[in-house]
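Coordinate inspection notes
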Amino acid sequence: GENGVDSRAIRVGTRRSQLARIQTDSVVTMLRELYPDLRFEIVAMSTTGDKILDTALSKIGEKSLFTRELESALERNEVDLVVHSLKDLPTSLPPGFTIGAVCKRENPLDAVVFHPKNCGKTLSLLPEKSVIGTSSLRRAAQLKKKFPHLEFRDIRGNLNTRLKKLDEKEDFSAIILAAAGLKRMGWENRIGQLLGPEDCLYAVGQGALAVEVRAKDQEILNMVSALHDADTVLCCIAERAFMKRLEGGCSVPVAVNTLLKDDQLYLTGAVYSLDGSDSLKETMQTGVSYPSRNEDGPNDDVQHVGITAKNVPGQAQEAAENLGVELATLLLSKGAKHILSVARQLNDA
């Protein structure tokens, strides 16, 4: 139409970091392939999380560290959609926003990048008292328990900064990063060890990209919904529902592992004390095989933990959300609330 999306540029908001730009470019590339007649413009901005670099993420105690500025731009109509790492998005979005697309997930595992002098080693082979850098309480809690001979210290900054700190100084023997980010940056060759679920469960939403839009902007919502990857959507709904029910955030160690196989969705979820000595872990599963039906009418904008996925069967999304809630409820009944509140207090202190 004259004033429709096809006559103007669609503005895509992103953080300024190199990784954020690469992620946003990949989403815009997919959109351009789907909609060759549309024009897309990238608008980069800095967020609070990018500016505060001398404080541990878990200490800033801010739920929307990397998203608030981008959401303000969305709200003021300065951009039409925003690309995020899904794991940066809180399980409750501010009113008026929704995740209009969750793209196919990259490898969600954590990876160890070693100092050049430790090339070829694994965590278990590092000398006693070697220092490992990570800004994540979740990673530290699990790895302290698994590798008690290592020490864990906070490291902040974007990927480039962290790798530089590792390589140019002798402060760290290795650092832990998400494999997905390293792969997207083209630094897969730096991965010295991939941490499987038996070593380290990953963060909710890790490895998936999310496209956030204004919930009422039907045109943009319809446009981006073509990017949804159904399997990723179901896994991430279950993970986010688990986190939300636990009221977890980046200030407490909560971790997951999901698997979708033969129409069964398996969710493993865990909570940890800060030093990893106390933990609870359980696995549950549910069937997610439901026919797609045309769900026109008032249901078509149902959100599940902030995600609007029009092209994924509603019953499957419901089943995934229930799975996350039930697993969290099970852990809470076994004492997860105590573990998490102690972790929170210690971290705040």
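Criteria and thresholds
- The residue count restarts for each chain, going from 1 along the sequence in the order it is written.
- Per-residue local features of the predicted model are confined to residues with pLDDT of at least 70, and side-chain atom pairs are confined, for both listing and counting, to 80 or more; whole-chain, interface and lining totals are unaffected and use all residues.
- Hydrogens and waters are ignored; side-chain quantities use all the structure's heavy atoms.
- For every residue, the predictor states its confidence as a pLDDT score lying anywhere from 0 to 100.
- Contact between two residues is taken to exist if any of their heavy atoms lie within 4.5 Å; hydrogens are not considered.
- Three exposure classes are used, based on accessible area relative to the maximum for each residue type with a 1.4 Å probe and protein chains only: buried under 20%, partly exposed in between, and exposed over 50%.
- Numbering of helices and strands runs from the N terminus, with a helix taken as a DSSP run of H or I at least four residues long and a strand as a DSSP run of E at least two residues long.
- It is the directions from the helix axis to the C-beta atoms that the arc portrays.
- Strands are treated as partners if at least two bridges between them are detected by DSSP.
- A 3.5 Å cut-off defines polar contacts: any pair of N or O atoms within that distance qualifies, except that in protein one atom must be a possible hydrogen donor and the other a possible acceptor, and neighbouring residues in sequence count only when both atoms are side-chain atoms.
- Axis angles are defined between N-to-C directions and span 0 to 180 degrees, where every axis is a line fitted to C-alpha atoms and, for a helix, only to the segment in contact.
- For our purposes a nonpolar core is just a set of buried Ala, Val, Leu, Ile, Met, Phe, Trp, Tyr and Cys residues, chained together by side-chain atoms within 4.5 Å.
- Within this document, salt bridges are pairs made up of a side-chain nitrogen of Lys or Arg and a carboxyl oxygen of Asp or Glu, the two lying within 4 Å of each other.

When pLDDT is averaged across the chain, the result is 90; 89% of the residues are at 70 or more. Predicted confidence is poor over residues 57–63, with pLDDT under 50, and the contacts of this stretch with residues over four places away or in other chains come to 17 contacts.

Inspection of helix H4 (residues 68–75) places Leu70, Glu71, Ala73 and Leu74 among the buried residues, and these make up the whole buried set. Looking straight down H4, one finds that the buried residues subtend no more than 155° of arc, so they occupy a single side. Lining the buried residues of H4 we find strand E1 (9–15), strand E2 (39–45), strand E3 (81–85), strand E4 (97–102) and strand E10 (209–214). Count one or two residues on from H4 and you reach Asn77, which has phi positive near 65°.

Before going further, it helps to spend a moment on the pairing of E3. Burial of E3 is extensive: five of the five residues sit out of reach of the surface. The alternating pattern of E3 places Leu81, Val83 and Ser85 on one face and Val82 and His84 on the opposite face, and all of these are buried. Relative to E3, E1 is paired through two bridges, and the arrangement is parallel. What sits directly across from Val12, in E3, is Leu81. Of the pairings in the sheet, the one linking E3 to E10 comprises five bridges and is antiparallel in character. Among the inter-strand pairings, Val83 is bridged to a residue of E10, identified as Val211.

What follows is about the environment of Gln218. Turning to its location among the elements, Gln218 is positioned in helix H8 (residues 218–224). Taking the C-alpha atoms as reference points, Gln218 and Gly100, 118 residues apart in sequence, are found 10.0 Å from one another. Setting aside chain neighbours within four positions, we find Gln218 in contact with Asp301 and Lys310. There is a polar contact of 2.9 Å between the side chain of Gln218 and the side chain of Lys310.

Working definition: the strands of a sheet are paired by backbone hydrogen bonds and lie parallel or antiparallel to each other. Here three strands make up an open sheet; going across it, the order is E11-E12-E13 and the pairing antiparallel. Looking along the sheet, the strands with just one partner apiece sit at the ends: strand E11 (254–261) and strand E13 (279–287). Taken over all neighbouring pairs, the strand axes of this sheet differ in orientation by 15° on average, direction set aside. Examined bridge by bridge, E11 and strand E12 (residues 264–272) share eight bridges and lie antiparallel to one another. Note on E12: the bridge partner recorded for Val256 is Gly269. Strands E11 and E12 of the sheet are contacted by helix H9 (residues 230–246), whose axis makes an angle of about 150° with E11. Along the sheet face, helix H10 (residues 314–333) touches E12 and E13 and points at about 150° away from the line of E13.

Leu86, Ile99, Phe242, Leu246, Val254, Leu265 and Val271 are the most contacted members of the largest nonpolar core, which totals 52 residues. For this core, the elements supplying multiple residues, two or more each, are H4, E4, H9, E11, E12, H10 and helix H11 (336–348). If we skip the residues at most four places from it in the chain, Ile99 touches Leu86, Leu89, Leu93, Ala210, Val211, Glu212, Arg240, Gly306, Ile307 and Thr308. Of all hydrophobic cores here, the second largest spans 19 residues; its members include Ile10, Val12, Val83 and Cys103.

Moving on, we get to the environment of Val271. Note that Val271 resides in strand E12. According to the relative accessible area criterion, Val271 is buried, its value standing at 0%. A sequence separation of 129 residues divides Val271 from Gln142, and the C-alpha atoms of the two residues are 9.5 Å apart. Excluding residues within four positions of it along the chain, Val271 makes contact with Leu246, Pro253, Val254, Asp278, Ser279, Leu280, Leu331, Ala336, Ile339 and Leu340.

Turning our eyes to something else, we now look at the side chain of Ser173. Within the secondary structure, Ser173 is located in the loop between helix H6 (159–168) and strand E8 (174–178). Sequence-distant contacts of Ser173, that is, excluding residues within four places in its chain, are made with Phe114, His115, Asn118, Leu126, Ser130, Val131 and Leu166.

Moving on: the sheet that holds E2. With mixed pairing, five strands are arranged side by side in an open sheet as E2-E1-E3-E10-E4. The open sheet has two edge strands, E2 and E4, and neither has a second partner. Across the sheet, the mean angle separating the axes of adjacent strands is 30° when strand polarity is ignored. Sheet strands touched by helix H1 (residues 18–34): E1, E2, E3 and E10. Its angle to E2, the strand with the most contacts, is close to 165°.

Attention now goes to the pattern of salt bridges. A complete count under the given rule lists 14 salt bridges for this structure. The salt bridge partner of Arg105 is Glu239, with a shortest N-O separation of 2.9 Å. You can see Arg105 sitting in the loop between E4 and strand E5 (110–114) and its partner Glu239 sitting in helix H9, a full 134 residues away along the chain. When its relative accessible area of 16% is taken as the criterion, Arg105 is described as buried. Since its relative accessible area comes to 0%, Glu239 is described here as buried. The residue Arg138 makes a salt bridge to Asp110 at a minimum N-O spacing of 2.8 Å. Placement of Arg138 in helix H5 (residues 137–146) and of Asp110 in strand E5 is noted, with a sequence separation of 28 residues between them. Residues Arg138 and Asp110 agree in their burial class; the two are buried. When salt bridges that share partners are traced, they join Arg11, Asp80, Arg214 and Asp217 into one network.

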